[in-house]
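# Architecture at a glance
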Amino acid sequence: ESSISKEDILLRLKVSSTDLYKGESLRASLVLYTRVNIDHIESLTMPPFDGFWSQELTSTNAHSREEYNGRIYETYTLNELLLSPQESGRIVIPEAVLGARVQIVVQDSRNYDPIFGGRHIYHVSRELKSAPVTINVKEFPEGAPASFNGAVGSFTMQHKMPAAQIDANTADQIELVLSGVGNLKFITAPRITLPESFEVYDTKTIDNIKVTPNNTSGSIT
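Remember, predicted model here, so these are calculated numbers, not experimental data. Each chain has its residues counted from 1, following the order in which its sequence is written. pLDDT decides what is reported in this predicted model: residues at 70 or higher carry local features, side-chain atom pairs at 80 or more are listed and counted, and totals for whole chains, interfaces and linings draw on all residues regardless. No hydrogens and no water enter the side-chain calculation; it runs on all heavy atoms of the structure.

## Here we look at the sheet that holds strand S13 (residues 175–182)
Hydrogen bonding along the main chain pairs the strands of a sheet, whether they run parallel or antiparallel. Quick note on the threshold: Should DSSP find at least two bridges between two strands, the strands are taken to pair. Numbering of helices and strands runs from the N terminus, with a helix taken as a DSSP run of H or I at least four residues long and a strand as a DSSP run of E at least two residues long. Only C-alpha atoms enter the line fits that serve as axes; for helices the fit covers just the stretch in contact. Angles between N-to-C directions range over 0 to 180 degrees.
Pairing in this open sheet of 4 strands is antiparallel, and the strands run S12-S13-S15-S14 from one edge to the other. Among the strands making up the open sheet, the edge pair consists of strand S12 (153–160) and strand S14 (207–211). Neighbour to neighbour, the strand axes of the sheet diverge by 5° on average, direction disregarded. Sheet topology places S12 next to S13; 8 bridges connect them, and they run antiparallel. When the sheet's bridge partners are listed, Thr 156 is paired in S13 with Ser 179.

## A word on unusual backbone geometry
Of note in the backbone geometry, Asn 69 takes a positive phi value of approximately 55° without being a glycine. Inspection of the secondary structure puts Asn 69 in the loop between strand S6 (63–68) and strand S7 (71–85). A positive phi angle, close to 65°, is found at Asn 169, a residue other than glycine. When you line up the elements, Asn 169 lands in the loop between S12 and S13.

## Some remarks on empty space enclosed by the protein
The cut-off we apply is this: A 1.4 Å probe that fits but cannot get out identifies a cavity on a 1 Å grid over protein atoms alone, an open set with protein on both sides within 12 Å along at least five of seven lines counts as a pocket, and a residue lines either if it has an atom within 4 Å of a point. Grid points are joined across faces, edges and corners, and a volume is the space filled by probe spheres set on the points. Gly is put with the polar residues, along with every residue not named as nonpolar or charged; the nonpolar set is Ala, Val, Leu, Ile, Met, Phe, Trp, Tyr, Cys and Pro, and the charged set is Asp, Glu, Lys and Arg.
Per the stated rule, a full pass over the model turns up 1 cavity of 30 Å³ or more. Volume-wise, the largest cavity comes out at about 30 Å³. Taken together, Ser 25, Trp 53, Ser 84, Gly 182, Asn 183, Leu 184, Lys 185, Phe 186 and Thr 216 make up the full set of residues lining the largest cavity. Split by residue class, the lining of the largest cavity holds 3 nonpolar, 5 polar and 1 charged.

## Some words on the layout of surface pockets
Quantified by volume, the largest pocket comes out at close to 1500 Å³. If you go around the largest pocket, you meet 41 residues; those closest to its centre are Gln 173, Ile 174, Ile 192, Val 200 and Thr 203. Taken together, the elements giving at least two residues each to the lining of the largest pocket come down to S12 and S13. Element by element, the count of residues in the lining of the largest pocket is highest for S13, at 4 residues. Among the residues making up the lining of the largest pocket, the classes are represented as 24 nonpolar, 10 polar and 7 charged.

## As for the sheet that holds strand S2 (residues 19–21)
Strand order in this open sheet of 3 strands is S2-S11-S8, and the pairing throughout is mixed. Both outer strands of the open sheet, S2 and strand S8 (89–93), are each paired with one neighbouring strand and no more. Across the sheet, the axes of successive neighbouring strands diverge by a mean angle of 30°, strand direction being ignored. Summarising the sheet, S8 and strand S11 (residues 133–138) pair through 5 bridges and their orientation is antiparallel.

So, in structure tokens, the structure goes:
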């Protein structure tokens, strides 16, 4: 058991950015770093992401090798989320906690086993904690127009308007399509002011939004 040091097995919460505007997106990946054999994961408690909208991404259980602090590790991505801060200021993401069962092989020439030779295998449970991560969230820049409702990203908008002349007591529609990359899930339909002589029906919204490890993209009609 004493042969396992703190540097042999680590848990890290890796984020794609620690400095962004409110409403922007970042990717958070919980990654296990190990230089020893992992028998199995006994428990995993993700941190609360208070102050963020969060979307869990499709788990790939990606496995790779990575150098960290001068050591080579086998790495396993345990969970990935897309986060979008909903408030400005410093937001601290608390620690994640993982329980792992580790396999240890000890060479002992004094107690020779006819099958395993001088090798003895032990299993030890370890509790790992990731370091808290601080995210600096900036407020929106000054000078935003009065109609700004929190849309952060790169967008284009198309529109389809009614005919210039329509008959009384007939219906028509205004159609707006906002598309691009950004926090589409938080964008609401704009308020359109019409003369009192028009009867306005409820707005219908159609989403076509795709969440990827890097961003949210698609369109809202």
